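As a plain string of letters, each chain reads:
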Amino acid sequence: MNRADVLVIAALPEELEAAKVAGLASNPSGSGVHHWEEVDRDGVPPFSWGEYRVDGRTRFTVALARPTQMGGRTTGPFTASLVHGIRPTSLVMCGVCAGNPADTALGDIVIGEPVYEWDEGKQSASGFEGDHRQFRLDPRWQRAAQDFLASSVTSFGDANEDEASLWFLEQLHRGQQPRNHPARSQYFPSGTWQPRLTRLEEQGMIRRESTGDAVLTGYGSDFVQRRLYDDAEGPQRLPFRVLTAPMASGSSVIADSDVWSRIKAMGMRKITAVEMEAATIATVAHEQRLHWLVVKGVMDHADTEKDDRYKQFAAHASAQVMFALLERLAPAAMVSADNPSIEPLIATGAESSRDPTTAPSAFKSATEFPSAKPLPAELENAVRSARSYLATSAFSRKGLIEQLSSDSGAGFTNSEAVHGVSQAGL
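Please read all numbers here as calculations on a predicted model, not as lab measurements.

**Quick notes on the nonpolar core**
Here comes step 1: With 96 residues, the main nonpolar core has Ile9, Phe47, Val62, Phe168, Leu169, Phe240 and Phe323 as its most contacted residues.
Here comes step 2: The greatest single-element share of this core, amounting to eleven residues, is contributed by helix H10 (residues 311-335).
Here comes step 3: Excluding its chain neighbours within four sequence positions, the residues that come into contact with Phe47 are Glu37, Glu38, Val39, Arg41, Ala63, Leu64, Ala65, Leu82 and Ile86.
Here comes step 4: Trp118, Val259, Trp260 and Val274 belong to the second largest nonpolar core, which has 13 residues in total.

Shown next as structure tokens:
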């Protein structure tokens, strides 16, 4: 267990537990991990390790871990240390996010493409000017995500009429017209819309405006609030969609429905999800030349009506989708481990262009130059780790040397740490 092919990071204990459960094989001959081994060794943060088996054969090895706190500043150094210790070929994250109410339903799964820090840029008296570094998925991974069938995992389930009616009433309760919602067809298949609305009207749940819009009656409002209150455990199965779409990371939890228009004003035409760690995961993956993937479930809409009713479902469904994708993608990543998988872009306003100073070719190691004498592996690893730390957190030269050489950090010798920090430009 010196290494793992795939490193999965979760930001919260509930997300880590959901990933463990989702990764377990459902029966002795089923696909998945048959036993998680808890690993806690010197110089590497603790993690769970297992062999993911398909048809009785190991498809890939996987490590699951979480930092002590959510957010990029904690996740970056933690992830960089684990990458150095277990040497994966793919870096992946699952968990929960907030979804744009114009594009998502609660329980939908968003695969970040691209991902970036939305609050990265310049703040002045005239406002905020974004300087967004976008990280793009490997095209092969993007296509696999776009082609994924949500119905292939057990968290997916068609809505019956009662569940569809509750969804309809909940949208009205949130101030949205269900007719215009992008998930409407998931809850109201062809031919069911009109008869179900008629029944809701006959039951006294809704009334119709002259425009045709549906409005909750007093009875309907009381009914839906009571049902939502009683449903403390949240859904177990949903007709969710898997969306490959832009995901923005920030430094704080958001409970402000205006965030979507603010982010759009910074230059990103469409933004589907916000959370706190995706850009950090992509940054570390870029520095270490790893494939990466961020899969998150929508648990709220970043508004003042946030609650945790969908949190458990979103965490579990995101982990199921993640493992299903890894079954297909991880083996190829193991074969092509030396190939860079992402190209960062610098975006200001609505325009994006490739940034040659941060493209994969800009960080060639000495072994890539035929005329150069190859560096020892540990020195190259120290340089990579130093760059990963600097990409995600602010360090002084002394502080980074201590981080690289500490047992709780990357575990390099002092001379290796000094070399790494110097070559990283600090």
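**What about unusual backbone geometry?**
Here comes step 1: Here the amide bond leading from Glu113 into Pro114 is cis, since omega sits at 0°, within 30 degrees of zero.
Here comes step 2: Note that Pro114 resides in strand S7 (residues 109-117).
Here comes step 3: Backbone geometry places Arg87, a non-glycine residue, at a positive phi of 50°.
Here comes step 4: For Arg289, which is not a glycine, the phi torsion comes out positive at approximately 60°.
Here comes step 5: Take Arg289: it is sitting in the loop between helix H9 (278-288) and strand S15 (291-300).
Here comes step 6: The class for Arg289 is buried, based on a relative accessible area of 16%.

**Re the packing of aromatic side chains**
Here comes step 1: In this structure the tally under the stated criterion is nine aromatic pairs.
Here comes step 2: Seen in terms of ring centroids, Trp167 and Tyr187 are 4.7 Å apart; in terms of plane orientation they differ by 5°. Their pairing is stacked. Here Trp167, found in helix H4 (residues 161-173), pairs with Tyr187, found in helix H5 (residues 184-187); they are 20 residues apart in sequence, far enough to count as distant. Of the two residues, Trp167 and Tyr187, both sit in the buried class.
Here comes step 3: Connected via pairs of aromatic rings, a cluster forms that spans Trp167, Phe168, Tyr187, Phe188 and Trp193.

**Overview of the pairing of strand S5 (residues 57-65)**
Here comes step 1: In terms of strand pairing, strand S1 (residues 6-9) meets S5 through four bridges, oriented parallel. Bridging from a neighbouring strand, Val8 pairs with Leu64 of S5.
Here comes step 2: In terms of strand pairing, strand S4 (residues 47-54) meets S5 through seven bridges, oriented antiparallel. Within S5, the residue paired with Val54 across the bridge is Arg57.
Here comes step 3: Two successive antiparallel strands, S4 and S5, enclose a turn made up of two residues, where Asp55 displays a positive phi of approximately 55°.

**What to know about the pattern of salt bridges**
Here comes step 1: Inspection of every chain in the model, using the stated rule, returns 15 salt bridges.
Here comes step 2: The closest approach of N and O atoms between Asp5 and Arg3, which form a salt bridge, is 2.8 Å.
Here comes step 3: Residue Asp5 is classed as buried on the basis of its relative accessible area of 9%.
Here comes step 4: Taking relative accessible area as the criterion, Arg3 reaches 30% and is therefore assigned partly exposed.
Here comes step 5: One salt bridge connects Arg53 with Glu51, and the closest N-O pair in it is separated by 3.5 Å.
Here comes step 6: With relative accessibility at 33%, the residue Glu51 sits in the partly exposed group.
Here comes step 7: Residues joined in a network through salt bridges with shared partners are Glu170, Arg174, Asp231 and Arg309.

Conventions adopted
- Residues numbered from 1 in each chain as written.
- Predicted model: local features only at pLDDT ≥ 70, side-chain atom pairs only at ≥ 80, totals over all residues.
- Heavy atoms only, no water.
- Core = buried A, V, L, I, M, F, W, Y, C linked by side-chain atoms within 4.5 Å.
- Buried < 20%, exposed > 50% of the residue type's maximum accessible area, 1.4 Å probe, protein only.
- Helix = DSSP H or I, 4+ residues; strand = E, 2+ residues; numbered from the N terminus.
- Contact = heavy atoms within 4.5 Å.
- Phe/Tyr/Trp six-rings, centres within 6.5 Å; stacked < 30°, edge-to-face > 60°.
- Pairing = 2+ DSSP bridges.
- Salt bridge = Lys/Arg side-chain N within 4 Å of Asp/Glu carboxyl O.

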